[in-house]
Amino acid sequence: MTDIVWHQHVIDQAARGDQKGQSPVLLWFTGLSGSGKSTLAGALERALFESGFHTYLLDGDNVRHGLCKDLGFSLEDRDENLRRVGEVAKLMVDAGLVVLSAFISPTLAERERVRALFPEGKFIEIHVSTPLSVCEARDPKGLYAKARSGEIANFTGISSPYEQPLAAELTIDTSKGDLTTQVNTLLDYLSAIQVIDGKQLSALA
Ligand SMILES: Nc1ncnc2c1ncn2[C@@H]1O[C@H](COP(=O)(O)OS(=O)(=O)O)[C@@H](OP(=O)(O)O)[C@H]1O
Ligand SMILES: Nc1ncnc2c1ncn2[C@@H]1O[C@H](COP(=O)(O)OP(=O)(O)O)[C@@H](O)[C@H]1O
């Protein structure tokens, strides 16, 4: 490892972002299974994409079909899952994209380790704080029922921990309000911190 020297590319992240009219960032959605991470991240990505921004959504269920298909749900495997995702997301941010990710990412340490890969302001943590009781009542994939009956082990919130974020940039409880309002809250935040130019969103409303 010590014989490997970092190669500085001619075109940097800022130039790639400028070309796309945006400031590249990672929007990290964290929360329980069924909290609404994929729905919120997907709706936000769609709004950004339709306004001409350059985005990519990394989703736990999908990444576990390929890049991380060798990993399960022990705490060690989740750590490795999120380490890989963090590194991939960093490359995508370097490519100038607004990257969205939707992973349970249950521990403070895992999330802080990904945050540490990025300069201040480039990692934005969005806590999807929908209560466990609501997630379990939704149970869209029937996984909570299986976890309660012992058919699935190490299930987050039931038989494996979820550590609440202590200082997320944004917190959204999807059991309150509607999806459009929640997406608008996210868009307003991204405009306020100048990730995007809010004027470009005017076509949406
Ligand atoms: N044991 C256990 N615990 C939690 N989740 C489980 C488990 N087994 C399967 N699933 C399904 O896997 C999805 C979570 O994968 P992630 O990669 O986001 O998890 S983690 O961040 O590595 O903890 C999660 O998807 P979401 O519901 O979209 O969160 C579940 O559908
Ligand atoms: N913003 C929302 N408002 C109301 N219900 C939602 C919202 N987002 C998701 N849901 C409901 O919660 C279920 C789980 O959402 P999903 O996005 O798959 O969660 P996660 O990716 O966190 O597992 C969806 O099937 C939907 O019924």
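What counts, and where the lines are drawn
- Residues numbered from 1 in each chain as written.
- Chains lettered and ligands numbered in written order.
- Predicted model: local features only at pLDDT ≥ 70, side-chain atom pairs only at ≥ 80, totals over all residues.
- Heavy atoms only, no water.
- Helix = DSSP H or I, 4+ residues; strand = E, 2+ residues; numbered from the N terminus.
- Expected span 1.5 Å × (residues − 1).
- Buried < 20%, exposed > 50% of the residue type's maximum accessible area, 1.4 Å probe, protein only.
- Contact = heavy atoms within 4.5 Å.
- 1 Å grid on protein atoms, 1.4 Å probe; cavity = no way out; pocket = protein on both sides within 12 Å on 5 of 7 lines; lining within 4 Å.
- Points joined across faces, edges and corners; volume = space filled by probe spheres on them.
- Nonpolar A, V, L, I, M, F, W, Y, C, P; charged D, E, K, R; others polar.
- Near = heavy atom within 4 Å.
- Polar contact = N/O pair within 3.5 Å; in protein donor to acceptor, adjacent residues only side chain to side chain.
- Areas by Shrake-Rupley, 256 points an atom, 1.4 Å probe, with all protein chains shown as cover.
- Axes fitted to C-alpha atoms, helices over the stretch in contact; angles between N-to-C directions.
- Parallel < 35°, antiparallel > 145°, perpendicular 65-115°, else oblique.
- Left-handed = near helix turned anticlockwise from the far one by under 90°.
- UniProt positions renumbered as here; feature names shortened; annotations may be inferred.
- Core = buried A, V, L, I, M, F, W, Y, C linked by side-chain atoms within 4.5 Å.

### Remarks on helix H4 (residues 75-94)
What sets the pattern is the α-helix's 3.6 residues per turn: residues three or four places apart point alike. Relative to the 28 Å expected for 20 residues at 1.5 Å per residue, H4 spans 28 Å between its end C-alpha atoms, a close match to the ideal helical length. Turning to H4, its buried residues are Arg-78, Asn-81, Leu-82, Arg-84, Val-85, Gly-86, Ala-89 and Val-93. Looking at the buried positions of H4, the neighbouring elements they touch are helix H1 (13-20), strand E1 (25-30), strand E2 (55-59), helix H3 (60-63), strand E3 (98-102) and helix H5 (108-115). Note on H4: the residue one or two positions beyond its end, Gly-96, has a positive phi of about 100°.

### Considerations on the layout of surface pockets
Considered as a void within the structure, the largest pocket measures approximately 640 Å³ in volume. Around the largest pocket sit 32 residues that line it, and Ser-33, Lys-37, Asp-61, Ile-104 and Lys-141 are the ones nearest its centre. Every element with two or more residues in the lining of the largest pocket is listed here: helix H2 (37-50), H3 and H4. Taken together, the residues that form the lining of the largest pocket break down as twelve nonpolar, 13 polar and seven charged.

### Some details on the site of ligand 2
In the vicinity of ligand 2 lie 13 residues, with Gly-34, Lys-37, Ser-38, Thr-39 and Gln-182 positioned nearest. Thr-39 places a side-chain nitrogen or oxygen 2.5 Å from an oxygen atom of ligand 2. In this structure, a nitrogen atom belonging to ligand 2 sits 3.3 Å away from a main-chain N or O atom of Thr-174. Taken by itself ligand 2 offers 560 Å² of open surface, and the protein chains cover 72% of this. Among the secondary structure elements, those contributing two or more residues to the shell around ligand 2 are H2 and helix H8 (179-192).

### A few points about the packing of H4 against H5
At a minimum axis separation of 10 Å, H4 and H5 run at an interaxial angle of 20°. Comparing their axes, H5 and H4 come out roughly parallel. Where H4 crosses over H5, the two elements pack in a sense that is right-handed. Note on element contacts: H5 touches H4 through Glu-110, Arg-113 and Val-114, opposite Leu-75, Arg-78, Asp-79, Leu-82, Arg-83 and Gly-86.

### Section: empty space enclosed by the protein
Any empty space left between atoms is shown by rolling a water-sized probe over those atoms. Across all of its chains, the model carries one cavity of 30 Å³ or more by this definition. The volume enclosed by the largest cavity comes to roughly 30 Å³. Lining the largest cavity are Ser-33, Asp-139, Pro-140, Lys-141, Leu-143 and Tyr-144. Here the lining of the largest cavity is built from residues that sort into three nonpolar, one polar and two charged.

### Focus on the UniProt feature "active site" (unreviewed entry) in the protein
Mapped onto this numbering, the UniProt entry gives "active site" (unreviewed entry) at Ser-105. The residue Ser-105 is located in the loop between E3 and H5 in this model. Ser-105 sits in the buried class, given a relative accessible area of 1%. Sequence-distant contacts of Ser-105, that is, excluding residues within four places in its chain, are made with Trp-28, Phe-29, Thr-30, Leu-82, Glu-110, Arg-111 and Tyr-162.

### Digging into the nonpolar core
Counting residues in each nonpolar core, the largest one holds 23 residues, and the members touching the most others are Leu-27, Phe-29, Leu-44, Leu-48, Leu-186, Leu-187 and Ile-196. Of all the secondary structure elements, the ones that give two or more residues to this core are E1, H2, E3, strand E4 (123-128), strand E5 (170-172) and H8. Here this core gets five residues from one element, more than from any other, and that element is H2. If we ignore the near neighbours within four places in the chain, the residues touching Leu-44 are Leu-27, Phe-29, Leu-100, Val-183, Leu-186, Leu-187 and Leu-190. Membership of the second largest hydrophobic core comes to 16 residues, among which are Cys-68, Val-85, Val-99 and Val-114.

### Regarding the side chain of Glu-125
Here Glu-125 shows up in strand E4. Judged by relative accessible area, Glu-125 falls into the buried class, the value being 3%. Other than its neighbours up to four places away in sequence, Glu-125 contacts Trp-28, Thr-30, Arg-111, Glu-112, Arg-115, Pro-165, Ala-168, Glu-169 and Leu-170.

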